[in-house]
Amino acid sequence: MNKPPASSAKALLQATRPRTFPLAIASIICGNGLALSQLASSSSVNGHNFVVFALTLWVALALQILSNLANDYGDGIKGTDNFRDANSPERMTVQGLLQPSQFKRLIFGWALITFISGVVLIAIGFDNLRDFLVFLSFGIVAIIAAMAYTMGKRPYGYRAMGEVAVLIFFGWLAVLGSAYLQTGQFQLSHLLPATGCGGLAACVLFVNNMRDIYSDKQAGKITLAVLLGSKMMRVGYTLLLALSILCYLLYGVVYNSYSLLWLLALPLIVKHLAVIYSAKPVEATNLSMVSDSSVVDAVLIGSQLKVIVKLTLIINLLFVLGIGLSHLF
């Protein structure tokens, strides 16, 4: 059954993918939690820190929205969605609510807003030219990467590089960058939670690609799930999730045992993996060969998208809360 057409405003809101916003929030909370913990040790937290936090959160969300809009546009004009079923999100261009040229102008306009927001952030965050220029470069690269995921002639999202990009931008850049904005220092120990946070965000993309494995094959979109195949993709996902969690565990064991508060989420992680493994793998060379059970599997795996998004936010909130508690005891 076809979905009823959505209004332009509703479709545009859907194109921003609000359900993915917790990923950007988790990264910034993690980075600022590490930084504010460091600053609290010297009693140097002030109003300026909270202004920088708010602006950093806004820029991260703006980049997230830019990436989602570009993904909607890129997949739409490449015809990737022609192979997807009713369980996949509808695109603005596919619904005909915006012409590709209009949507492209919208994306570049939002990119400009994101750039200006980033400039304001780093101007407030730094008082030296070197740091300003370095972070300005990071910001430009992040904007280009957000748009190049599915846009352009050689989108890296079609070459199994999506998870790597997410690890870099939602992990290392977002967490380490937001911490540096607050403290002006880089701590090697922060690499562990930054990698864990980026890894969890990559898990979200991996689940998305597991859901779309059959349609992506037909569209010629090469994702990590497509490369691994339906029988091995869950093994790869388990390893990625385990390595991400291990980073938080190592940080807690070596640097701050209070941060291990995130272990309260462990039953939810186990339950999530159990559902992922309950979906039976089905190999198919084209959509006409995909059995009814594989459609059910896609729905089942797709249902875990919101679960891993929530888990990413919960783990980081508990992690930061634990670090905060360490200053009270």
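See the structure printed just above.
These figures come from a predicted structure and were not determined experimentally. (Residues numbered from 1 in each chain as written. Predicted model: local features only at pLDDT ≥ 70, side-chain atom pairs only at ≥ 80, totals over all residues. Heavy atoms only, no water.)

Caption draft 1: Molecular detail of the overall build of the chain. Across its full length, the chain holds 14 helices and zero strands. In the chain, the succession of α and β elements from N to C terminus is α-α-α-α-α-α-α-α-α-α-α-α-α-α. When each of the 329 residues of the chain is scored for burial, the buried share is 50%. Counting only contacts in the chain whose residues sit at least 6 apart along the sequence, the fraction spanning at least 24 positions is 79%. Here the chain displays about 15300 Å² of accessible surface, and carbon together with sulfur accounts for 70% of that area. (Helix = DSSP H or I, 4+ residues; strand = E, 2+ residues; numbered from the N terminus. Buried < 20%, exposed > 50% of the residue type's maximum accessible area, 1.4 Å probe, protein only. Contact = heavy atoms within 4.5 Å. Areas by Shrake-Rupley, 256 points an atom, 1.4 Å probe, with all protein chains shown as cover.)

Caption draft 2: Summary view of the environment of Val134. As for its position among the elements, Val134 is in helix H6 (residues 129–148). Judged by its relative accessible area of 36%, Val134 is partly exposed. For the pair formed by Val134 and Ile122, sequence separation is 12 residues and the distance between their alpha carbons is 9.7 Å.

Caption draft 3: Representation of the packing of H6 against helix H7 (residues 162–183) within the structure. Interhelical geometry of H6 versus H7 gives an angle of 155° and a closest axis separation of 12 Å. Taken together, the axis directions place H6 and H7 in an arrangement best described as roughly antiparallel. Here H6 and H7 pass one another in a crossing that is left-handed. Together, Arg130, Asp131, Phe135, Phe138, Val141, Ala142 and Ala145 of H6 and Phe169, Leu173, Gly177, Tyr180 and Leu181 of H7 make up the contact between the two elements. Taken together, the residues of the contact of H6 with H7 break down into nine nonpolar, one polar and two charged. (Axes fitted to C-alpha atoms, helices over the stretch in contact; angles between N-to-C directions. Parallel < 35°, antiparallel > 145°, perpendicular 65-115°, else oblique. Left-handed = near helix turned anticlockwise from the far one by under 90°. Nonpolar A, V, L, I, M, F, W, Y, C, P; charged D, E, K, R; others polar.)

Caption draft 4: Summary view of the packing of aromatic side chains. Evaluation of the coordinates by the stated rule reveals 12 aromatic pairs. Between Phe126 and Tyr180, the ring centres sit 5.9 Å apart and the planes meet at 55°, which makes this aromatic pair tilted. Here the residue Phe126 occupies a position in the loop between helix H5 (100–125) and H6, and Tyr180 occupies one in helix H7, the gap between them amounting to 54 residues. By relative accessible area, which is 15% here, Tyr180 ends up buried. Between Phe135 and Tyr180 the ring centres are 5.7 Å apart and the planes differ by 20°, which places this aromatic pair in the stacked class. (Phe/Tyr/Trp six-rings, centres within 6.5 Å; stacked < 30°, edge-to-face > 60°.)

Caption draft 5: Region of interest: the pattern of salt bridges. Evaluated as defined, the whole model comprises three salt bridges. For Asp131, the salt bridge is made with Arg130, and the minimal N-O distance between the two is 3.2 Å. Among the ionic pairs, Arg211 bridges to Asp212, the shortest N-O distance being 2.9 Å. Given a relative accessible area of 12%, Arg211 falls into the buried group. (Salt bridge = Lys/Arg side-chain N within 4 Å of Asp/Glu carboxyl O.)

Caption draft 6: Structural view of the side chain of Asn49. Mapping Asn49 onto the fold places it in helix H3 (residues 47–78). At 2.8 Å, the side chain of Asn49 forms a polar contact with the backbone nitrogen of Asn46. (Polar contact = N/O pair within 3.5 Å; in protein donor to acceptor, adjacent residues only side chain to side chain.)

Caption draft 7: How the structure looks around the packing of helix H12 (residues 266–278) against helix H14 (residues 304–325). H14 packs onto H12 with a crossing angle of 160° between their chain directions and a minimal axis gap of 11 Å. In terms of axis orientation, H12 runs roughly antiparallel to H14. The hand of the H12/H14 crossing is left-handed. Contact residues: H12 offers Leu268, Ile269, His272, Val275 and Ile276, while H14 offers Gln304, Val307, Ile308, Leu311, Ile314 and Ile315. Its residues assigned to classes, the contact of H12 with H14 comprises nine nonpolar, two polar and no charged.

Caption draft 8: View of the state of the cysteines. Counted under the stated rule, the structure contains zero disulfides. The closest cysteine sulfur to the non-disulfide-bonded Cys30 is located on Cys197, 4.9 Å from its own sulfur. We classify Cys30 as buried; its relative accessible area is 0%. (Disulfide = S-S within 2.5 Å.)

Caption draft 9: Region of the structure containing unusual backbone geometry. The phi torsion at Arg17 lies on the positive side, around 55°, for a residue other than glycine. Structurally, the position occupied by Arg17 is in the loop between helix H1 (8–15) and helix H2 (21–40). A positive phi angle, close to 60°, is found at Ala160, a residue other than glycine. Residue placement: Ala160 occurs in the loop between H6 and H7. Residue Ala160 is classed as buried on the basis of its relative accessible area of 16%.

Caption draft 10: Just a nonpolar patch on the surface, in detail. Taken together, the side chains of Leu243, Leu246, Leu249, Leu250, Val253, Val254, Tyr255, Leu263, Leu266 and Val270 present a nonpolar region at the surface, about 880 Å² in accessible area. Counting only elements with at least two residues in the nonpolar patch, the list comes to helix H11 (233–254) and H12. Sort the elements by how many residues they give to the nonpolar patch and H11 lands first, with six residues. Here Val253 lies in helix H11. (Patch = residues over 30% accessible without salt bridge, like charges linked within 9 Å, V, L, I, M, F, W, Y side chains within 5 Å.)

Caption draft 11: Structural view of H7. Helix length check: H7, at 22 residues, gives a terminal C-alpha distance of 30 Å against a target of 32 Å (1.5 Å per residue), a fit within 8%. The largest bend in H7 is about 30°, located at Leu173. Once H7 ends, the next one or two residues include Gly184, with phi positive near 70°. (Expected span 1.5 Å × (residues − 1). Bend = angle between axes of the 7 residues up to and from the residue.)

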